[in-house]
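Here's the letter readout for the chains.
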Amino acid sequence: MKNKLYLLIISVFILTGIISFYSIYKEVKVKTVYQLNSQQKILAKNASNSIAALFKTYELNLQFLSRMDEIINTSGDYKTTMEIFQKMHNEHIKAITRIDKYGNIVYTFPFNKKVIGKNVLSQKHNRFIYNEHRPVISDVFTALQEYRAIAYAYPVFKNMRYDGCITILLSFTEISKKFIESIKIRESGYAWMISEEGVELYCPVPGHTGENVSKTSKKFPDILAMVDQMKKGREGETVYYFDQIKDKKVEKIKKYAVYYPIKIANTCWSIVIATPENEVIGLMQGFTNKLFVIFFILFLCSIAIIFYGYRTISLAKEVKQRKDTEKELLILKMYLDNVFNSMPDILIGMNGSGFIENMNHSAEDFSGVSIAVAAGKNIIEVFPQFSEELSSI
């Protein structure tokens with residue numbers, strides 16, 4: 001019964017410890033995810049602001065160029081002006097082109113004789129600016145030089161009437177490398193970006209860039225739901241699952257993601273920063289190890305306390321039982337003594353050698369010697385009158 005009670009106490013304590021450990025672990029995980037998402041949001045917002053600021057700078061430059069007389073009239077040193085501008089910004093701007101009001105190329109730098117006079121209204125962004133007379137950014141496409149590029153076209157007005165546009169060709173590869181590709185969260189967290197139509201403008205996963213998310217992530221409803229919000233220009237955080245290839249095996253992993261809009265000109269891109277759950281657990285590893293050690297030490301201490309406490313209680317019970325037994329024996333002894341002393345006959349108790357150990361009151365009265373004096377003496381010495389009878393025993 002005692003062992004069962006002890007095991008029950010240990011079991012309850014272990015169960016309480018496990019529940020407490022899990023509760024603390026869960027709370028820490030929630031806080032870690034919150035901190036991770038806060039960090040991801042800061043990175044996404046910074047990238048969004050940097051890209052928007054870059055395009056705002058180009059917008060102001062294009063606005064300035066579009067109001068220059070030589071650019072408007074395609075006269076004088078307009079070609080030199082365009083060339084100087086391109087060379088000053090050649091890190092991102094790979095070409096600059098003047099298109100007339102009919103959609104024909106008037107001049108381009110770097111110069112390419114084959115495209116002069118070519119009509120470009122078949123291109124979506126050129127049709128947009130031709131019809132709307134507003135700045136426009138094209139979809140990302142692969143340039144002849146095999147880098148991913150976008151065109152930024154700004155309208156040119158002559159006497160308050162549309163007179164074509166000035167267009168710059170930007171290396172999206174360089175832009176994404178500078179603002180998106182460099183974003184890393186620990187070992188495997190990364191950023192990716194989509195257009196307003198859901199096309200992946202940049203993604204480190206092979207085969208994704210240039211494809212629509214509806215195609216690359218058709219098996220993952222959580223991603224598609226997130227992209228629906230992104231296409232509406234919203235920001236937020238979510239959790240989604242995605243395939244990961246590890247040791248030649250494909251497995252679904254959980255990711256914590258933050259998305260943020262990039263509003264530029266006529267469109268709205270959106271950036272996602274996502275980190276696998278195992279990275280979150282990695283962030284908690286140090287704390288988890290310390291928490292486990294603390295709980296283990298507390299567990300051992302508690303077991304020791306329970307053990308010694310239980311042992312102390314058991315000893316206290318044994319002491320009480322011993323005292324109760326002694327008390328009962330004392331009462332019994334007193335009862336027997338009373339019976340022994342109340343007997344009218346002479347009763348003498350002695351050992352095998354004839355030495356007195358006890359005698360009743362009748363014996364004391366007969367001998368005139370008290371038990372206190374007679375104890376330990378030979379019976380013949382106290383009762384010499386019994387010497388003959390005793391010698392025959």
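Up top is the structure these notes are about.
Below: a short report on this structure. Think of each chain on its own: its residues are numbered from 1, step by step along the sequence as written. Since the coordinates come from a predicted model, pLDDT governs what is reported: local features require at least 70, and pairs of side-chain atoms require 80 or more to be given and counted, while whole-chain, interface and lining totals use all residues. Computation of side-chain values: all heavy atoms of the structure, hydrogens and water removed.

1. Observations concerning the pattern of salt bridges
Logical step 1: A pairing counts as a salt bridge when a side-chain nitrogen of Lys or Arg comes within 4 Å of a carboxyl oxygen of Asp or Glu. With the rule as written, the count across this model stands at eight salt bridges.
Logical step 2: Close ionic contact of Glu59 with Lys56 constitutes a salt bridge, the shortest N to O distance being 3.6 Å. Remark: Lys56 and Glu59 occur in helix H1 (residues 2-66); sequence separation between them is three residues, near one turn of the helix.
Logical step 3: For Lys56, a relative accessible area of 43% translates into the label partly exposed.
Logical step 4: Here Lys320 and Asp324 are joined by a salt bridge, their closest N and O atoms 3.3 Å apart. Separated by four residues within a single helix, Lys320 and Asp324 lie in helix H8 (residues 277-342), roughly one turn from each other.
Logical step 5: Accessibility expressed as a relative area gives 35% for Asp324, which makes it partly exposed. Put simply, DSSP marks the helices as runs of H or I at least four residues long and the strands as runs of E at least two long, and each gets a number from the N terminus on. Partly exposed residues are those whose accessible area sits between 20% and 50% of the maximum for their type, while under 20% is buried and over 50% is exposed, using a 1.4 Å probe and protein chains only.

2. A look at empty space enclosed by the protein
Logical step 1: Grid spacing is 1 Å over the protein atoms alone, the probe is 1.4 Å, and a cavity is where that probe fits but cannot get out, while a pocket is an open set with protein on both sides within 12 Å along at least five of seven lines and lining residues have an atom within 4 Å of a point. Grid points are joined across faces, edges and corners, and a volume is the space filled by probe spheres set on the points. Within this structure, the stated rule accounts for two cavities of 30 Å³ or more.
Logical step 2: Every residue along the wall of the largest cavity is listed here: Tyr190, Trp192, Glu200, Cys203, Val205, His208, Ser217, Ile223, Tyr240, Phe242 and Lys255.
Logical step 3: The nonpolar class holds Ala, Val, Leu, Ile, Met, Phe, Trp, Tyr, Cys and Pro. Asp, Glu, Lys and Arg form the charged class, and all remaining residues, Gly among them, are polar. Looking at side-chain class alone, the lining of the largest cavity contains seven nonpolar, two polar and two charged residues.
Logical step 4: A volume near 40 Å³ is recorded for the second largest cavity.
Logical step 5: Along the walls of the second largest cavity sit Ile99, Asp100, Gly103, Val120, Leu121, Asn126, Ile129, Tyr130, Tyr162 and Cys165, which together make up its complete lining.

3. What to know about the pairing of strand E12 (residues 267-276)
The two faces of the sheet receive side chains in turn, since in a regular strand these alternate between them.
Logical step 1: With 10 of 10 residues buried, E12 lies mostly within the body of the structure.
Logical step 2: Side chains of E12 alternate between two faces, with Thr267, Trp269, Ile271, Ile273 and Thr275 and Cys268, Ser270, Val272, Ala274 and Pro276 buried alike.
Logical step 3: Direction of pairing for strand E8 (residues 189-194) relative to E12: antiparallel, over a ladder of five bridges. Within the sheet, the bridge partner assigned to Ala191 lies in E12 and is Ile273. Strand pairing follows a simple DSSP-based rule, namely that at least 2 bridges must link the two strands.

4. Looking at helix H3 (residues 78-88)
Logical step 1: Among the residues of H3, those classed as buried are Tyr78, Thr81, Met82, Phe85 and Gln86. Down the axis of H3, the buried side of the element spans an arc of 130°, and every buried residue falls inside it. Among the exposed residues of H3, those oriented more than 90 degrees off its buried face are Lys87 and Met88. As used here, the arc belongs to the directions running from the helix axis to the C-beta atoms.

5. Some remarks on a nonpolar patch on the surface
Logical step 1: On the surface, Leu329, Leu332, Tyr335, Leu336, Val339 and Met343 cluster together into a nonpolar patch covering about 560 Å² of accessible area.
Logical step 2: Assessed through its relative accessible area of 43%, Leu332 is described here as partly exposed. Like charges within 9 Å and nonpolar side chains (Val, Leu, Ile, Met, Phe, Trp, Tyr) within 5 Å are joined into patches, using only residues over 30% in relative accessible area that form no salt bridge. Calculation of accessible area relied on Shrake-Rupley with a 1.4 Å probe; when residues are assessed, cover is drawn exclusively from the protein chains displayed.

6. A word on the layout of surface pockets
Logical step 1: The computed volume of the largest pocket comes to approximately 1000 Å³.
Logical step 2: Lining the largest pocket are 41 residues, with Gln123, His125, Phe141, Ala151 and Leu169 sitting closest to its centre.
Logical step 3: For the lining of the largest pocket, the elements supplying multiple residues, two or more each, are strand E1 (93-99), strand E2 (105-109), helix H4 (124-132), strand E3 (136-137), strand E6 (161-171) and E12.
Logical step 4: Per-element accounting of the lining of the largest pocket gives the leading share, five residues, to E1.
Logical step 5: Each residue belonging to the lining of the largest pocket can be placed in one class, and the counts come to 21 nonpolar, 14 polar and six charged.

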